[in-house]
Amino acid sequence: MAVEKEKLNWMYRNMLTIRNFEERVAELFAAGKCFGFVHLYVGEEAVATGVCANLRKEDYITSTHRGHGHLISKGGDLNLMMAELFGRRTGYCKGKGGSMHIADVELGILGANGIVGGGFPAAVGAGFTAKYKGTDHVVACFFGDGASNQGTFHEALNMASIWKLPVVFVNENNFYGISLSQKRSMNIPDVAARAASYNIPGVVVDGNDVLAVYEAVQEAVKRARSGEGPTLVECKTYRYRGHFEGDPTVYRTEEEVREWKKKDPIPRFETRLSQMGIMTEDQMKQLRDEISNQIEEAVKFADESPWPSPEEVLDDVYA
Amino acid sequence: MRKLTIRAAINEALRQEMKRDPDVYVLGEDVGVFGGCFGVTAGLIDEFGPERVIDTPITESAIVGSAVGAAATGLRPVAELMFMDFVGVTLDQIFNQAAKMRYMFGGKATIPMVIRTACGAGGSAAAQHSQSLEAWFMHVPGLKVVAPSTSYDAKGLLVSSIRDDNPVIFVEHKFIYDMEGEVPEDLYTVPLGKADVKREGSDVTVIATMAMVHRALEAAEELSKEGVSVEVVDPRTLQPLDNETIIESIKKTHKVVIVHEAVKFAGPGAEIAAMIADEAFDYLDAPVKRVAAPFTPVPFSPVLEKEYIPGKEKIINAVKELTA
């Protein structure tokens with residue numbers, strides 16, 4: 001598969017941005033700068049990156065509680081994201097949402113979601129709008145292995161399939177719903193097998209291989225744009241950190257984590273980029289420094305931003 | 001003026017709004033050729049086709065949730081939930097998604113959608129097809145709750161609900177669908193958040209909703225023969241609630257009875273009574289009375305159901321307690 005150089009560069013930059021953002025948020029959370037529940041995407045960067053590399057600005061995504069990677073990949077502003085995590089007035093949601101509720105409707109980001117499986121029907125609705133209005137917009141609906149056991153999964157995939165809606169259901173299978181392993185939460189090895197119930201394609205890919213994700217989703221997006229309906233793409237991946245910041249992760253072994261880290265999507269892609277002659281080690285280092293500075297700017301922006309004034313609690317309940 | 005049933009008035013509001021605004025569409029179970037379980041969407045599919053009058057599978061979360069997504073991306077869906085009792089199946093999509101998106105997103109999302117749903121007991125449909133659950137939604141910031149009692153109000157309020165940029169729960173009492181009333185042929189709106197005095201009086205204010213408005217009017221008529229003058233106030237929308245009209249009436253009568261078909265405990269009347277205690281205590285000459293269903297599920301047998309549903313006699317008794 002020939003992927004243009006510019007896109008490969010974007011993928012690398014995007015994965016680094018997510019990794020750097022998330023690792024910095026972990027520190028900031030420990031330091032008490034961000035609050036509430038924070039679910040980090042470290043280790044899963046290749047999924048959001050490979051998916052969103054196929055999307056246009058006017059396409060939509062629905063996200064999850066583990067949403068930072070999706071938002072960054074769809075073009076979310078780092079300063080506004082960080083300020084929201086800090087609970088500041090300048091944040092994406094003016095300090096009303098926090099990590100689990102960041103949205104940017106202008107960018108097609110229909111919101112992270114605090115309810116597991118809560119975003120499936122909205123993704124179908126955005127797909128419905130595309131069909132109703134006769135646009136060729138598509139929707140990428142991110143969800144975890146745990147969410148695929150919710151009733152909304154079934155309702156949404158069924159509706160999207162009978163109406164041939166342009167939705168790509170992207171399962172990020174990180175093998176745990178909080179502490180419960182996939183083996184104990186479903187009786188099948190592949191979430192993608194569930195596609196058979198809706199007579200739609202179900203594809204399994206290595207979710208730590210950004211190009212594999214890109215390629216699989218490219219097919220699914222093509223199918224969606226041409227009116228052939230939804231696809232279920234399962235990306236096998238792993239979260240390095242706990243379910244939330246503060247999770248003691250007593251439910252998995254260190255050995256398991258070590259094994260997954262050997263398959264880390266970023267070094268793997270770096271090797272590919274060098275092999276393909278896209279980027280030298282120096283260029284990579286330069287990019288890493290650049291992104292690190294960008295994240296520090298976001299932290300500075302957030303830290304220097306004003307808090308909301310207490311009376312703002314009443315704003316924006318109704319339109 | 002021309003008379004229409006409430007059913008036909010709602011149908012006309014849908015038809016005229018769909019004609020006016022191509023972004024308005026209807027979805028729900030059996031709303032197409034079947035015309036809706038209560039016949040409210042009859043004929044719409046002939047005029048607007050299956051692209052805009054959409055039969056869904058029996059899938060309440062996807063009906064409401066897809067409407068949320070469509071509304072967030074520029075359409076104005078009107079979803080029908082066949083029976084209000086079914087809201088439990090899709091509650092997350094209503095109260096965690098539709099209601100909260102705007103606030104959670106810092107005012108950056110707009111969710112202009114309507115959920116029409118049929119409430120009310122009276123047909124031996126028992127505990128899962130008869131409930132009046134409007135108080136649940138009054139309790140959720142971000143939702144509006146509309147509950148019409150007449151054909152005129154039903155049409156005008158539905159038009160306003162469709163044009164409103166917030167999620168609206170539009171509650172239709174299924175046993176007044178056949179009631180007729182005057183309805184202008186032209187499009188018009190009845191504003192949300194504005195109560196209506198259905199009958200003027202000077203001795204006691206009766207605040208009643210939906211079917212109970214009619215029971216209250218019957219009670220008022222009967223009481224007038226005994227020299228008791230009852231004012232009947234219909235809030236028409238329960239969220240936002242028109243405190244002002246209610247208080248104005250109490251300033252005149254100094255006595256109030258609240259009537260609804262929902263159960264009394266934590267029902268809509270509890271909030272209305274609390275509001276009156278907060279804001280109109282000085283005008284009251286007697287305790288606030290409530291006439292509502294007992295704290296039980298809706299029973300099946302006609303004998304039990306009749307006992308369950310508040311009727312004219314109970315309203316008359318409550319008024320007499322205040323005027324004795």
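What counts and how
Residues numbered from 1 in each chain as written. Chains lettered and ligands numbered in written order. Predicted model: local features only at pLDDT ≥ 70, side-chain atom pairs only at ≥ 80, totals over all residues. Heavy atoms only, no water. Helix = DSSP H or I, 4+ residues; strand = E, 2+ residues; numbered from the N terminus. Rg over C-alpha atoms; globule rule 2.2 N^0.38 Å. Buried < 20%, exposed > 50% of the residue type's maximum accessible area, 1.4 Å probe, protein only. Contact = heavy atoms within 4.5 Å. Lys, Arg positive; Asp, Glu negative; His and termini not counted. Charge placed at Lys NZ, Arg CZ, Asp CG, Glu CD. Pairing = 2+ DSSP bridges. Right-handed = clockwise from strand over helix to strand, strands pointing away. Axes fitted to C-alpha atoms, helices over the stretch in contact; angles between N-to-C directions. pLDDT = per-residue confidence, 0-100. Core = buried A, V, L, I, M, F, W, Y, C linked by side-chain atoms within 4.5 Å. Domains from an automatic or database assignment. Buried area = accessible area lost by both parts, 1.4 Å probe. Salt bridge = Lys/Arg side-chain N within 4 Å of Asp/Glu carboxyl O. Polar contact = N/O pair within 3.5 Å; in protein donor to acceptor, adjacent residues only side chain to side chain. Expected span 1.5 Å × (residues − 1). Nonpolar A, V, L, I, M, F, W, Y, C, P; charged D, E, K, R; others polar.

Caption draft 1: Focus on the overall build of chain A. Along chain A, the regular secondary structure elements total eleven helices and seven strands. Taking 319 residues into account, the globule formula puts the C-alpha radius of gyration at 20 Å, and chain A, at 19 Å, falls close to it. Counting across all 319 residues of chain A, residues that qualify as buried make up 59%. A fraction of 74% describes how many contacts in chain A between residues 6 or more apart in sequence connect residues 24 or more apart.

Caption draft 2: Expanded view of the overall build of chain B. Helix and strand counts for chain B stand at twelve helices and 14 strands. Against the globule reference of 20 Å for 324 residues, chain B gives a C-alpha radius of gyration of 19 Å, in line with a compact fold. With respect to the principal axes defined by its C-alpha atoms, chain B has extents near 60 × 45 × 40 Å. Contacts in chain B between residues far apart in sequence, at least 24 positions, make up 83% of those at least 6 positions apart. In chain B, 32 positive and 46 negative side-chain charges are present, and the distance between their average locations comes to 2 Å.

Caption draft 3: A look at the pairing of strand β13 (residues 256–263) of chain B. Residue and element names in this part refer to chain B. Burial analysis of β13 places seven of its eight residues in the buried class, the great majority of the element. Inspection of the sheet shows strand β10 (residues 204–208) paired to β13 by four bridges, in the parallel sense. Directly across from Ala-208, in β13, lies its bridge partner Val-259. By the bridge criterion, four bridges tie β13 to strand β14 (residues 289–293) in an arrangement that is parallel. Opposite Val-263, over in β14, you have Ala-293 as the bridge partner. Crossover handedness for the path β13 to helix α10 (residues 268–279) to β14: right-handed.

Caption draft 4: Examining the sheet that holds strand β3 (residues 167–173) of chain A more closely. All names here are of chain A. The strand order across the open sheet formed by five strands is β1-β2-β3-β7-β6, and the pairing between neighbours is parallel. The sheet terminates laterally at β1 (60–62) and β6 (202–206), the two strands that pair on one side only. Between one strand axis and the next, the sheet turns through 20 degrees on average, direction left out of account. Here three bridges tie β1 to strand β2 (residues 139–144), and the two strands are oriented parallel to one another. From the neighbouring strand, Tyr-60 faces β2, where its bridge partner is Val-139. Against the sheet, helix α2 (residues 45–52) contacts β1, β2, β3 and β7 (231–236), and its axis sits at roughly 165 degrees relative to β2.

Caption draft 5: Geometry of the confidence of the model for chain B. Counting all residues, the mean pLDDT for chain B is 98, and 100% of those residues have values of 70 or more. In the predicted complex, the global pTM is 0.97; the interface-specific ipTM is 0.95.

Caption draft 6: Representation of the nonpolar core within the structure. Counting residues in each nonpolar core, the largest one holds 81 residues, and the members touching the most others are Phe-169 of chain A together with Ile-111, Met-113, Ile-246 and Ile-276 of chain B. Per-element tally for this core: the top contributor is helix α3 (residues 60–72) of chain B, with eight residues. Residue assignment places this core across two domains, with domain 1 (3–182) and domain 2 (196–323) of chain B each supplying three or more. The contacts of Phe-169 of chain A, once residues within four sequence positions are left out, are Phe-120, Val-124, Cys-141, Phe-143, Ala-156, Leu-157, Ala-160, Pro-230, Thr-231, Leu-232 and Val-233 of chain A. Ala-48, Leu-55, Leu-85 and Ile-109 of chain A belong to the second-largest nonpolar core, a separate cluster that totals 72 residues.

Caption draft 7: Representation of the interface of chain B and chain A. Counting residues at the interface gives 45 residues for chain B, matched by 37 residues for chain A. Counting the surface lost from both chain B and chain A, the interface buries some 3200 Å², and carbon and sulfur atoms represent 62% of this. There are one salt bridge connecting chain B and chain A. In this structure, the salt-bridge partner of Asp-23 of chain B is Lys-133 of chain A, at a minimum N-O distance of 3.1 Å. Summed over the shared surface of chain B and chain A, the result is 20 residue pairs in polar contact (both at pLDDT 80 or more). At the level of secondary structure, the elements contributing two or more residues to the side of chain B that touches chain A comprise β2 (24–28), β3 (53–55), α3, α4 (91–98) and α5 (101–104) of chain B.

Caption draft 8: Fine view of the pattern of salt bridges. Taken as a whole and assessed by the stated rule, the structure comprises 43 salt bridges over all chains. The partner of Glu-270 of chain A in a salt bridge is Arg-288 of chain A, with the nearest N and O atoms 3.0 Å apart. Taken together, the residues span a long stretch of sequence, with Glu-270 of chain A in helix α10 (residues 265–275) and Arg-288 of chain A in helix α11 (residues 281–304) at a distance of 18 residues. Residue Glu-270 of chain A is classed as buried on the basis of its relative accessible area, which comes to 17%. Among the salt bridges present, the one from Arg-163 of chain B reaches Glu-17 of chain B, with a minimum N-O distance of 2.8 Å. With Arg-163 of chain B in helix α7 (residues 151–163) and Glu-17 of chain B in helix α1 (residues 6–20), this residue pair connects regions lying 146 residues apart in the sequence. Overall, Arg-163 of chain B belongs to the partly exposed group, its relative accessible area being 33%. Look at the salt bridges and you will find they share partners, linking Asp-153, Asp-196, Lys-198 and Arg-236 of chain B into a network.

Caption draft 9: Spatial organisation of the side chain of Asn-96 of chain B. In this fold, Asn-96 of chain B is placed in helix α4. In terms of polar contacts, Asn-96 of chain B uses its side chain to reach the side chain of Asp-92 of chain B, at 2.8 Å. Sequence-distant contacts of Asn-96 of chain B, defined by excluding residues within four places in its chain, comprise Ile-115 of chain A together with Leu-91 and Met-104 of chain B.

Caption draft 10: A look at α7 of chain B. All names here are of chain B. Taking 1.5 Å per residue as the helical rise, α7 with its 13 residues ought to reach 18 Å, and the 19 Å between its terminal C-alpha atoms agrees with that figure. Counting buried positions along α7 yields eleven of 13 residues, so the element is predominantly enclosed. For α7, the set of buried residues is Ser-151, Asp-153, Ala-154, Lys-155, Gly-156, Leu-157, Leu-158, Val-159, Ser-160, Ser-161 and Ile-162.

Caption draft 11: Expanded view of the domain arrangement of chain B. Residue and element names in this part refer to chain B. Domain boundaries assigned for chain B yield domain 1 (3–182) and domain 2 (196–323). Averaged C-alpha coordinates put domain 1 and domain 2 at centres separated by 26 Å. Counting from both sides, the interface comprises 29 residues of domain 1 and, opposite them, 25 residues of domain 2. Overall, the association of domain 1 and domain 2 removes approximately 2200 Å² of surface from exposure, summing both partners, and the carbon and sulfur fraction of that is 63%. At the junction of domain 1 with domain 2, the criterion picks out two salt bridges. Across the pair Asp-153 and Lys-198 runs a salt bridge, and its minimum N-O distance is 2.5 Å. Counting the contacts that link domain 1 with domain 2 gives 14 residue pairs in polar contact (both at pLDDT 80 or more). Elements with a minimum of two residues in the side of domain 1 that touches domain 2: α6 (134–138), β6 (144–146), α7 and β7 (168–173). Residues of the side of domain 1 that touches domain 2, tallied by class, amount to 16 nonpolar, ten polar and three charged.

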